[in-house]
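The chain contents come next:
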Amino acid sequence: NTVFCMDKSVTAVVIQGLAEHKDTLGAPLCPCRHYDDKEAEADQGYWNCPCVPMRERKECHCMLFLVPGTDFAGDETNITMEEIQAGIAPMQ
């Protein structure tokens, strides 16, 4: 029972980062954190999306999964490929 951020560009950038990590590391390692060793972190699994804080306490510091009614929570639970592409375009 979560929703995306009201600013879908946030959702788009996080999804892009997760996809890149899935491709390069074999796991959807959280893209919102710094890691000294990404491969070791991906193997350990704590920060693989959905991360342990999200699974245990519904805390997503990436703002990908938000509890309805909290700050920055939107109303949407879906995002289109077009919205993702538009959201990441300024970053490319």
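Scroll up for the structure.
Here we summarise the structure given alongside this text. Note that the structure is predicted; figures quoted are calculated from it, not measured.

About the thresholds
- Residues numbered from 1 in each chain as written.
- Predicted model: local features only at pLDDT ≥ 70, side-chain atom pairs only at ≥ 80, totals over all residues.
- Heavy atoms only, no water.
- Helix = DSSP H or I, 4+ residues; strand = E, 2+ residues; numbered from the N terminus.
- Rg over C-alpha atoms; globule rule 2.2 N^0.38 Å.
- Buried < 20%, exposed > 50% of the residue type's maximum accessible area, 1.4 Å probe, protein only.
- Contact = heavy atoms within 4.5 Å.
- Lys, Arg positive; Asp, Glu negative; His and termini not counted.
- Charge placed at Lys NZ, Arg CZ, Asp CG, Glu CD.
- Core = buried A, V, L, I, M, F, W, Y, C linked by side-chain atoms within 4.5 Å.
- Phe/Tyr/Trp six-rings, centres within 6.5 Å; stacked < 30°, edge-to-face > 60°.
- Lys NZ or Arg CZ within 6 Å of the ring centre and 35° of its normal.

### Re the overall build of the protein
Step number 1: Each helix and strand counted, the protein has 4 helices and 0 strands in total.
Step number 2: For the protein, the N- to C-terminal ordering of α and β elements is α-α-α-α.
Step number 3: Radius of gyration (C-alpha) of the protein: 13 Å, near the 12 Å computed for a compact globule of 92 residues.
Step number 4: Taken along the three principal axes of its C-alpha coordinates, the protein extends 35 × 35 × 20 Å.
Step number 5: Taking all 92 residues of the protein together, 35% fall into the buried category.
Step number 6: Restricting to contacts in the protein with at least 6 residues of sequence separation, those with at least 24 account for 54%.
Step number 7: Of note, the protein has its 7 positive side-chain charges centred 5 Å away from the centre of its 15 negative side-chain charges.

### Observations regarding the nonpolar core
Soluble globular proteins tend to pack their nonpolar side chains together in the buried interior.
Step number 1: Among the nonpolar cores identified, the biggest contains 15 residues, and W47 and L64 are the most heavily contacted of them.
Step number 2: Looking at this core element by element, the count peaks at 3 residues for helix 1 (residues 8–25).
Step number 3: Residues within four places of W47 in sequence aside, it is in contact with P28, L29, C30, R33, Y35, E41, P53 and H61.

### As for the side chain of N48
Step number 1: Mapped onto the elements, N48 comes out in the loop between helix 2 (38–44) and helix 3 (52–57).
Step number 2: In contact with N48, other than residues within four places in its own chain, are A27, P28, L29, E41, A42 and R55.

### What to know about the packing of aromatic side chains
Step number 1: Applying the stated criterion to the full structure yields 1 aromatic pair.
Step number 2: Geometrically, the ring pair formed by Y46 and W47 is edge-to-face, given 4.8 Å between the ring centres and 75° between the ring planes.
Step number 3: The exposure class assigned to Y46 is partly exposed, which follows from its relative accessible area of 29%.
Step number 4: Note that R33 overlies the ring of W47, its terminal NZ or CZ placed 3.7 Å from the centroid.

### Here we look at unusual backbone geometry
With the exception of glycine, the majority of residues adopt a negative phi angle, and the majority of peptide bonds are in the trans configuration.
Step number 1: A cis amide bond, omega -5°, links C49 with the succeeding residue P50.
Step number 2: Mapped onto the secondary structure, P50 falls in the loop between helix 2 and helix 3.
Step number 3: Not every positive phi belongs to a glycine, and K58 is a case in point at roughly 60°.
Step number 4: At M63, a position not held by glycine, the phi torsion is positive, near 65°.
Step number 5: If you trace the backbone, M63 turns up in the loop between helix 3 and helix 4 (81–88).
Step number 6: Among the residues examined, M63 registers a relative accessible area of 24% and is labelled partly exposed.

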